Amino acid sequence: MAEHEKNQPVSDEAGLDAFFAAARDRSPRPSEDLMARVLADASDAQPEPQPVAAARPSKTSWHPRWITGIGGWPGVAGLATVTMAGLWIGVALPETVGDLAFGLTGDGYDFSGLSAGFETEATDG
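Residues numbered from 1 in each chain as written. Predicted model: local features only at pLDDT ≥ 70, side-chain atom pairs only at ≥ 80, totals over all residues. Heavy atoms only, no water.

**Thoughts on the overall build of the protein chain**
Using the following cut-off: For the purposes of this entry, the term helix denotes a DSSP run of H or I that reaches at least four residues, the term strand denotes a run of E that reaches at least two, and both are numbered from the N terminus. Burial status follows relative accessibility: with a 1.4 Å probe on protein chains alone, a residue under 20% of its type maximum counts as buried, one over 50% as exposed, and anything between as partly exposed. Under the convention used here, a 1.4 Å probe and the Shrake-Rupley method define accessible areas, while residue burial counts only the protein chains that appear.
Looking only at helices and strands, one finds 6 helices and 0 strands in the protein chain. N-terminal to C-terminal, the α/β element order of the protein chain is α-α-α-α-α-α. For the protein chain, buried positions account for 6% of its 125 residues. Summed over its atoms, the accessible surface of the protein chain is roughly 12000 Å², and 60% of this surface lies on carbon and sulfur atoms.

**Considerations on the pattern of salt bridges**
Rules: Put simply, a salt bridge is a Lys or Arg side-chain nitrogen that is within 4 Å of an Asp or Glu carboxyl oxygen.
Taken as a whole and assessed by the stated rule, the structure comprises 1 salt bridge. Residue Asp 33 pairs with Arg 37 through a salt bridge whose shortest N-O separation is 3.4 Å. Here Arg 37 and Asp 33 lie together in helix α3 (residues 32-45), a separation of 4 residues that amounts to about one turn. Note on Arg 37: relative accessible area 47%, which makes it partly exposed.

**So, a nonpolar patch on the surface**
Rules: Patches draw on residues past 30% relative accessible area with no salt bridge. Two like charges within 9 Å are joined, as are two nonpolar side chains (Val, Leu, Ile, Met, Phe, Trp, Tyr) within 5 Å.
Together, Trp 62, Trp 66, Ile 70 and Leu 79 make up a nonpolar patch on the protein surface, roughly 410 Å² of accessible area in all. Inspection of the secondary structure assignment puts Ile 70 in the loop between α4 (62-69) and α5 (72-92).

**Topic: the confidence of the model for the protein chain**
Worth spelling out the cut-off: On a range of 0 to 100, pLDDT expresses the predictor's confidence in each residue.
Of the residues in the protein chain, 64% reach a pLDDT of 70 or more, and the chain-wide mean stands at 75. By mean pLDDT, the top-scoring element of the protein chain is α3 (94), and the lowest-scoring one is helix α1 (residues 3-6) (54).

**Regarding the packing of α4 against α5**
Here is the rule: Only the contacting stretch of a helix is used when fitting its axis, a line to C-alpha atoms as for every element, and angles between N-to-C directions run 0 to 180 degrees. When an angle is under 35 degrees it counts as roughly parallel; over 145 it counts as roughly antiparallel; between 65 and 115 it counts as roughly perpendicular; any other value is oblique. Any two residues whose heavy atoms approach within 4.5 Å are treated as being in contact.
In the contact formed by α4 and α5, the axes pass within 7 Å of each other and the chain directions differ by 80°. Between α4 and α5, the crossing angle belongs to the class labelled roughly perpendicular. Between α4 and α5, the residues in contact are Trp 66, Ile 67 and Thr 68 and Gly 72, Trp 73, Val 76 and Leu 79, respectively.

Okay, here's the thing in structure tokens:
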């Protein structure tokens, strides 16, 4: 290539494809001897497989294993909390979702202050 052609920008894709093809052809490849030495070093660095002893059945009671299985003492505390909440919901038998959400049975609170910007019309019943 002439000196003035090297400094000219390539504007077509065919020219770029030629440059990329030339770069792919010149990619460095390791020699077979180097690859053989690297693989030999890798196999020497690997540990020899060791036999695994068979697991013996544990002689401990099921309680410690169960507590560990559910996440330790935080898991036990969460399970106890959820159990008590389920018992309370089952015994309380809320009639509506409002009773369950606010813990009320009836008109115990005045919620008119929550809608300060809204006017509501009172109807005589």
